[in-house]
Amino acid sequence: MKYIFVTGGVVSSLGKGLTAASLGTLLESRRLRVVLQKFDPYLNVDPGTMNPFQHGEVYVLNDGAETDLDLGHYERFTNCVLTRHNNLTSGQVYESVILKERRGDYLGKTVQVIPHVTDLIKHRIREISDENKYDIVITEIGGTTGDIEGLPFLEAIRQFILEVGPQNVVNMHVTLVPYIKAAHELKTKPTQQSVAKLREIGLQPQVLICRTEKPLDHDVRRKLSMFCSVSEKAVIEERDVEHTIYEVPLTLHAEGLDQLVCDLLHLQTPEPDLADWQKFVDRVVCPKRHVKIAVVGKYMDVRDAYKSIYESLTHAAASEDCGIDLKLIDAESLEHGDGQLKDAAGVLIPGGFGGRGIEGKINAARYAREHKIPFLGLCLGMQVATIEFARNVCGIGNANSTEFDKNTVEPVISLLEEQRGVRNKGASMRLGTWPTKIVQGTLAEKIYGDTEVTERHRHRYEFNMTYRDRMDTKGFVISGTSPDGTLAELIELRDHPYFVGCQYHPEFQSKPNKPHALFKGFIHACLARELGPAPRAPADPLSPRRVPETELVAQ
Ligand code: GLN
């Protein structure tokens, strides 16, 4: 078993997760079995209760774990299917150490960061490797080197390396090499100091991943190599990508990262086969046409808040040889008019919590329904579409969700029965993978090409089935339910080319080479409607980057 630890230096937001995931892509393309895990030094037990402003999206796994969004990168960039064991926070570590102490597991001892906390961290790395399903574990440590709260993780890694032997480990440090305009120079000092900080703790990186705006010239590479004690070929340039994050594995490969890591770990592998990945990137970079999708949500300035949704749109669009023009609309701004939706070829409403912006979202759903614009409502998006239809088509003027009006007289969306006694907010929703039975003869069946699917959930409220018949007669179809038929999972409108809402989050299961059916169907419908802006794609048929249709990977 081999181990790669990914730390970050100088500043946060360097894209460590993406870098770790991209290394995963490269190693998998060399036929190695890879798994990724993330250690987060904050004290929350999981990010489930954090606001998207703080933390970006909460990514949900099959087993219902609410995790850091980097796990989304891991699942999209590799074949691994992750569980709650793949995301560890300081909160979890201390919670279990203290529980053990109360149980008396440490009877007679003083419980301390070293060895009790560090032992538990090491155990979590071992746990994954013991499964024997993988050749390599890539562990990303959240935060920035020098943070006090990250120290126990780094100390655990230091000890771990001693136990498994340095020949089985690569420490990869992702760092910033800033360009200082006044000096016309890239500066290596922040990286030198960050590596010095790591050395203080007893960790020596073997690879430096240098995030930079400008190419690293020979001098800079030599300096970094000399002062950080890494070989010159282990100074890897990771420049800001030009078009898409999916270019990162290709640029790291061009820098020789995968070969270097295999050499350091004494692994003999075949050359990587990145042809399919390259084709996908080419399609994203140079699509035949573009389609404008309006996303109506609450956190439009926080790009990470709806990360998996944006990625899923990209995957689906690429499979239709099309690019996405995102039009991000703050739901509150639609409360008094829908003008902003005029040029949208499709409307998507993401999941969410709380009442802010709800009336704007309802207006967006109405606009899409009335103008027959393809609509995709995810979780809360499905719920607002339901409220809209009940109010404006079924004449249930007071229709609402008990989430926004506890005492509403027309609760078309109401709390799940199982949630009634729940008091704690953490990890207490209906979470993770649940099966959906699809009603035959519906659009949903056509889109999925299947009558049973499993999807990831994260919600407390549901469609109130007592309204089903009343709404069905007006054209609102429950096209998928839980296997026992009690919970609505999917809705669609009979008299609309593509108006689909789901109680779950399909965005957590879309990958570049496997776009999710609901997103694919959505983009397809947007294109079919051909009301979008005139194609303004580069679409130069002679462009060498264009991939002939016949060569494309079957999706
Ligand atoms: N707030 C809604 C619920 O809890 C929707 C949740 C979501 O969109 N993830 O049911």
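The following paragraphs examine the structure supplied in this document.

1. Here's the deal with the pairing of strand 19 (residues 452-459)
Next, step 1: Counting buried residues along strand 19, six of its eight residues qualify, which places the element largely inside the surrounding structure.
Next, step 2: Sheet topology note: the strand 18 (residues 430-438)/strand 19 ladder contains eight bridges and is antiparallel. Across the sheet, Trp 434 pairs through a bridge with Glu 455, a residue of strand 19.

2. Examining the state of the cysteines
Next, step 1: In this structure the tally under the stated criterion is zero disulfides.
Next, step 2: Here Cys 210 stays unpaired: no disulfide links it, and the sulfur of Cys 228, its closest cysteine neighbor, is 8.0 Å away.
Next, step 3: Between Cys 262, a cysteine without a disulfide, and Cys 80, which holds the nearest cysteine sulfur, the sulfur-to-sulfur distance is 17 Å.
Next, step 4: Given the relative accessible area of 1%, Cys 262 is considered buried.

3. Side note on the site of the ligand
Next, step 1: Taken together, Gly 351, Gly 352, Phe 353, Cys 379, Leu 380, Gln 383, Glu 403, Arg 458, His 459, Arg 460, Tyr 461 and His 505 make up the full set of residues adjacent to the ligand.
Next, step 2: One of the backbone nitrogen or oxygen atoms of Tyr 461 is found 2.8 Å away from an oxygen atom of the ligand.
Next, step 3: Bound to the protein, the ligand loses 99% of the 300 Å² it would expose on its own.
Next, step 4: With respect to the detected pockets, the ligand is housed in the second largest cavity.
Next, step 5: Elements represented by at least two residues in the shell around the ligand include exactly helix 14 (380-392) and strand 19.
Next, step 6: When grouped by side-chain class, the residues that make up the shell around the ligand number four nonpolar, five polar and three charged.

4. What about empty space enclosed by the protein?
To find leftover empty space, one rolls a probe the size of a water molecule over the atoms.
Next, step 1: What the rule picks out here adds up to three cavities of 30 Å³ or more.
Next, step 2: The volume enclosed by the largest cavity comes to roughly 70 Å³.
Next, step 3: What lines the largest cavity is Thr 7, Gly 8, Ile 141, Gly 142, Gly 143, Thr 144, Thr 145, Gly 146, Asp 147, Gly 150, Leu 151 and Leu 154.
Next, step 4: Broken down by secondary-structure element, the contributors of at least two residues to the lining of the largest cavity are strand 1 (2-8) and helix 6 (151-164).
Next, step 5: Its residues placed into classes, the lining of the largest cavity shows three nonpolar, eight polar and one charged.
Next, step 6: Taken as a whole, the second largest cavity spans an internal volume of roughly 60 Å³.
Next, step 7: If you trace the second largest cavity, you find it lined by Gly 352, Phe 353, Cys 379, Leu 380, Gln 383, Glu 403, Arg 458, His 459, Arg 460, Tyr 461 and Gln 503.
Next, step 8: Mapped by element, the contributors of at least two residues to the lining of the second largest cavity are helix 14 and strand 19.

Criteria and cut-off values
Residues numbered from 1 in each chain as written. Predicted model: local features only at pLDDT ≥ 70, side-chain atom pairs only at ≥ 80, totals over all residues. Heavy atoms only, no water. Buried < 20%, exposed > 50% of the residue type's maximum accessible area, 1.4 Å probe, protein only. Helix = DSSP H or I, 4+ residues; strand = E, 2+ residues; numbered from the N terminus. Pairing = 2+ DSSP bridges. Disulfide = S-S within 2.5 Å. Near = heavy atom within 4 Å. Polar contact = N/O pair within 3.5 Å; in protein donor to acceptor, adjacent residues only side chain to side chain. Areas by Shrake-Rupley, 256 points an atom, 1.4 Å probe, with all protein chains shown as cover. 1 Å grid on protein atoms, 1.4 Å probe; cavity = no way out; pocket = protein on both sides within 12 Å on 5 of 7 lines; lining within 4 Å. Sits in = over half its atoms within 2 Å of the grid points. Nonpolar A, V, L, I, M, F, W, Y, C, P; charged D, E, K, R; others polar. Points joined across faces, edges and corners; volume = space filled by probe spheres on them.

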